[in-house]
Amino acid sequence: MSKKFPFFKRKKEEVPDLEYEAVPSHVAIIMDGNGRWAQNKGLPRVAGHKEGVHAVNRVVRAAARANIDILTLYAFSTENWKRPKSEIDYLMKLPKQFLHIYLPEIMENNVRIETIGEFDALPDHTKNAVQNAIDKTANNNGLLLNFAINYGSRNEIMHAVKRLMNDIDSSKVTLDSLDENLFSNYLYTNGLRDPDLLIRTSGEQRLSNFLLWQSAYTEFWFTDTLWPDVDEAFFYQAIEEYQLRKRRFGGL
Ligand code: IPE
Ligand code: IPE
Ligand code: MG
């Protein structure tokens, strides 16, 4: 049965031949525009990252209320290592800051935290903070809050191919059995359904190496809003517009 968005404003009587899409099960967001938000206010770029933490919580809260199953947030890409060290150092402290303020609310909302990306390459203090949250929330069974940290699609696909080739070498897997489903199991997103809706803030219209394999049939929603300005209403607007789309997956 399809779940209907509890806050959906339009009524079927008003748009008679509309067939609503169900609430998206998996929403992925490229949280972009922190630096520009700060620069517009004459502040250093990191002030935007600091403010962006609160937007993360607003969206998590909204997603939990809207019965979304999975929320994947792009927090740090494999290409973001190209930034100045001082900015990277700041970004690596953000998970701890976010969790210090919001872990109690996350627990209350029955949210489970997980990550995708090359976790081992993160600084120890970042890993510890995130791992602690993963452990604490492991038994929650509401929204899955999935942080993409040190994530890049090409890196993910390359790792998948390497592990797959190992398994073929050691006869754990046969070449004949390899299909799209089996390959998907080797990705960081193993076990997660593909995103139904992908949102990018800040006016950029590109994927920046995010979920390339997984977004084959994802609906995209781009907005000029800068990430730190994002609030619950913004999230509900994206959901509502998604529900007006007609997904065909190549069929009729
Ligand atoms: C998004 O904001 C946060 C990360 C990529 C970590 P940016 O830092 O990319 O902000 P802009 O795009 O420069 O405004
Ligand atoms: C994408 O944003 C990565 C994250 C939001 C974590 P970027 O700001 O790094 O992307 P580009 O460089 O504009 O493509
Ligand atoms: Mg950016």
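If you're wondering where the values come from, they're calculated on a predicted model, not measured in any experiment.

About the thresholds
Residues numbered from 1 in each chain as written. Chains lettered and ligands numbered in written order. Predicted model: local features only at pLDDT ≥ 70, side-chain atom pairs only at ≥ 80, totals over all residues. Heavy atoms only, no water. Helix = DSSP H or I, 4+ residues; strand = E, 2+ residues; numbered from the N terminus. Expected span 1.5 Å × (residues − 1). Buried < 20%, exposed > 50% of the residue type's maximum accessible area, 1.4 Å probe, protein only. Arc of directions from axis to C-beta. Contact = heavy atoms within 4.5 Å. Axes fitted to C-alpha atoms, helices over the stretch in contact; angles between N-to-C directions. Parallel < 35°, antiparallel > 145°, perpendicular 65-115°, else oblique. Left-handed = near helix turned anticlockwise from the far one by under 90°. Nonpolar A, V, L, I, M, F, W, Y, C, P; charged D, E, K, R; others polar. Near = heavy atom within 4 Å. Polar contact = N/O pair within 3.5 Å; in protein donor to acceptor, adjacent residues only side chain to side chain. Areas by Shrake-Rupley, 256 points an atom, 1.4 Å probe, with all protein chains shown as cover.

> Explain helix H5 (residues 153-169) here, please?
A turn of α-helix holds 3.6 residues, and therefore any two residues three or four places apart point the same way. Look at H5: 24 Å from first C-alpha to last across 17 residues, which is about the 24 Å you get at 1.5 Å a residue. Residues of H5 that are buried: Ser153, Asn155, Glu156, Ala160, Leu164 and Asp167. For H5, the buried positions fall inside an angular range of 165° around the axis, keeping them on one side. Exposed residues pointing more than 90 degrees away from the buried face of H5 are listed as Arg154, Lys162, Met165 and Asp169. Elements in contact with the buried residues of H5: strand E4 (144-151) and helix H6 (180-184). Remark: serine 171 follows H5 within two positions and exhibits a positive phi of approximately 60°.

> Got a minute to help me understand the packing of helix H2 (residues 45-65) against helix H7 (residues 232-243) in this structure?
When two helices pack together, their arrangement is captured by the angle between the axes and the distance separating the axes. Their axes nearest at 8 Å, the elements H2 and H7 cross at an angle of 45°. One finds that H2 runs oblique with respect to H7. Note that H2 runs across H7; the crossing there is right-handed. From H2, Arg58, Val59, Arg61, Ala62, Ala63 and Arg65 reach across to H7, where they touch Glu232, Phe235 and Tyr236. Among the residues making up the contact of H2 with H7, the classes are represented as five nonpolar, no polar and four charged.

> I tried to follow the site of ligand 2 on my own but got confused; where do I start?
In the region of ligand 2, the neighbouring residues are Ile30, Met31, Asp32, Tyr74, Ala75, Phe76, Ser77, Asn80, Arg83, Arg200, Arg206 and Ser208. A distance of 2.9 Å separates an oxygen atom of ligand 2 from a polar atom in the side chain of asparagine 80. Within the side chain of arginine 200, a nitrogen or oxygen atom sits 3.3 Å from an oxygen atom of ligand 2. Among the elements that line the shell around ligand 2, the one with the most residues is strand E2 (residues 70-77), at four residues. Broken down by class, the residue content of the shell around ligand 2 amounts to five nonpolar, three polar and four charged.

> I would appreciate a short explanation of the site of ligand 1 in the present structure.
Near ligand 1 lie 13 residues; those nearest to it are Asp32, Gly35, Arg36, Arg45 and Arg83. Here an oxygen atom of ligand 1 sits 3.2 Å away from a polar atom, N or O, in the main chain of asparagine 34. Measuring from an oxygen atom of ligand 1, one finds a backbone N or O atom of glycine 35 at 2.9 Å. With the chains in place, 87% of the 380 Å² that ligand 1 exposes on its own is no longer accessible. Broken down by secondary-structure element, the contributors of at least two residues to the shell around ligand 1 are helix H1 (34-40), H2 and helix H3 (85-108). Broken down by element, the shell around ligand 1 gets its largest block of residues, three residues, from H1. In the shell around ligand 1, the residues fall into three nonpolar, five polar and five charged.

Everything listed is a geometric property; what it means functionally is a separate question.
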